Amino acid sequence: MNNFLSAGPARKLRRICMAVAVLASTVAGVSAHAQAEAADSTEATIKKLIEPRLGKDAKVDAVTKTPYAGLYEIQIDGDVIYTDAKAQYLFIGRVVDSQTYRDFTKEKIDSINKVPFAGLPLDKAIKTVKGNGKRVMAIFEDPNCIYCKRLHKTLQEVDNITVYTFQYNILSPDSISKSRNIWCAPNPSRAWSDWMLNGKEAPVAAASCNAPHEDVLALGKKMKVTGTPTIIFTDGSRVPGAIDAKALEQKLSSLK
């Protein structure tokens, strides 16, 4: 009898608890939404304030609140800088965990500069295959680049590789003509190697031969390639500058 009588209040209590839980969930959802809106508003304000202060042609790609030190990350032209919530100060440098030495800035820069390798127009590059050619990479190079020639010598020590060379003519006016002659040679890969290793010039190209100079230049600018050589690996990572055979082997071995 007592259990029967107490069932009514128990049901009411359960209903009240359920209502409170739903209300708490709704409040939490509204609060999270409000916080997200506030964050979006702050990031938009920072972008509006900072962009004109960075120069006439500066374009901020994104502003994001970081989980450390109350900083806001500003992505601009493939790089990262930081500011405070009021955009009063700029912090230019790296954010590193003092215990693990994890470099958050480097990780972010590597991430935003990743290249979708499968989307590269490889038909506009000189293809060179060594051994079984299973390991693949692409390089932006200028025929007048000393460091590119150094890298080309290093590549002689590496086997089972396919290299796609994009002739990125940015160093000298005659880079274009040298690259065109090489591109139009009967064997562009051999002609490129002859020039980079031995300084042997390719024959002057026929007037009817078209080289992809403009297309490669546009591609490099789009990818924010600022110097030669720039190596692009199949995982989308890039290495600016020449590296030695040991470092190259380690990187290629780490790729699936």
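Residues numbered from 1 in each chain as written. Predicted model: local features only at pLDDT ≥ 70, side-chain atom pairs only at ≥ 80, totals over all residues. Heavy atoms only, no water.

Student: Could you clarify how one ought to interpret the confidence of the model for the protein in this entry?
Tutor: Keep in mind that low pLDDT regions are not for reading the predicted coordinates in detail. Residues of the protein with pLDDT of at least 70 account for 84%, and the chain-wide mean is 87. pLDDT under 50 marks residues 1-6. Its contacts with residues more than four places away, or in other chains, come to zero contacts. (pLDDT = per-residue confidence, 0-100. Contact = heavy atoms within 4.5 Å.)

Student: Can you walk me through the pattern of salt bridges in this structure?
Tutor: Where side chains of opposite charge bring their charged atoms close, a pairing between them can arise. Applying the stated rule across the entire model yields eight salt bridges. We note a salt bridge from Asp103 to Arg94, for which the minimum N-O separation is 3.6 Å. A relative accessible area of 18% means that Asp103 is categorised as buried. With its nearest N and O atoms 3.2 Å apart, the salt bridge here joins Lys178 to Asp174. With Lys178 and Asp174 both in helix α4 (residues 174-183), this residue pair falls four residues apart, about one helical turn. For Lys178, a relative accessible area of 18% gives the class buried. (Salt bridge = Lys/Arg side-chain N within 4 Å of Asp/Glu carboxyl O. Buried < 20%, exposed > 50% of the residue type's maximum accessible area, 1.4 Å probe, protein only. Helix = DSSP H or I, 4+ residues; strand = E, 2+ residues; numbered from the N terminus.)

Student: Help me understand the state of the cysteines in this model?
Tutor: The term disulfide refers to a covalent linkage connecting the sulfur atoms of a pair of cysteines. This model, assessed by the stated rule, comprises one disulfide. Disulfide pairing is shown between Cys184 and Cys209; the S-S distance is 1.9 Å. The sign of the -95° torsion about the S-S bond sets the Cys184-Cys209 disulfide as left-handed. Of this pair, Cys184 sits in the loop between α4 and α5 (188-198) while Cys209 sits in the loop between α5 and α6 (213-222), and the two are 25 residues apart along the sequence. Cys184 gets classed as partly exposed once you look at its relative accessible area, which sits at 22%. (Disulfide = S-S within 2.5 Å.)

Student: So what exactly am I meant to see when it comes to α6 here?
Tutor: Because each turn of an α-helix spans 3.6 residues, side chains separated by three or four positions end up pointing in the same direction. Of all the residues in α6, the buried ones are His213, Val216, Leu217, Leu219 and Gly220. Along the long axis of α6, the arc covered by the buried residues comes to 160°, so they all point the same way. Opposite the buried face of α6, at more than 90 degrees from it, the exposed residues are Glu214, Lys221 and Lys222. Turning to α6, the residues buried within the fold contact β6 (135-141), β7 (161-167) and α4. Residue Lys224 follows α6 closely and has a positive phi angle near 60°. (Arc of directions from axis to C-beta.)

Student: I tried to follow the side chain of Ser189 on my own but got confused; where do I start?
Tutor: Looking at where Ser189 falls in the secondary structure, it is placed in helix α5. A distance of 2.7 Å separates polar atoms of two side chains, one belonging to Ser189 and the other to Thr128. Beyond its immediate stretch of four places on either side in the chain, Ser189 contacts Ile126, Lys127 and Thr128. (Polar contact = N/O pair within 3.5 Å; in protein donor to acceptor, adjacent residues only side chain to side chain.)

Student: Explanation requested: the packing of aromatic side chains in the structure shown.
Tutor: Between two aromatic rings, the relevant description is the distance of the centres plus the angle of the planes. Taken as a whole and assessed by the stated rule, the structure comprises three aromatic pairs. Centre to centre, the rings of Tyr68 and Phe104 are 5.2 Å apart; their planes meet at 35°, and the pair counts as tilted. Residue Tyr68 is found in the loop between β1 (60-65) and β2 (72-76), and its partner Phe104 is found in helix α2 (residues 104-112); the two are separated by 36 residues along the sequence. For Tyr68, a relative accessible area of 18% gives the class buried. Relative to Tyr168, the ring of Phe140 lies with its centre 5.5 Å away and its plane at 85°, an arrangement referred to as edge-to-face. Of this pair, Phe140 sits in strand β6 while Tyr168 is found in the loop between β7 and α4, placing the two residues 28 residues apart along the sequence. (Phe/Tyr/Trp six-rings, centres within 6.5 Å; stacked < 30°, edge-to-face > 60°.)

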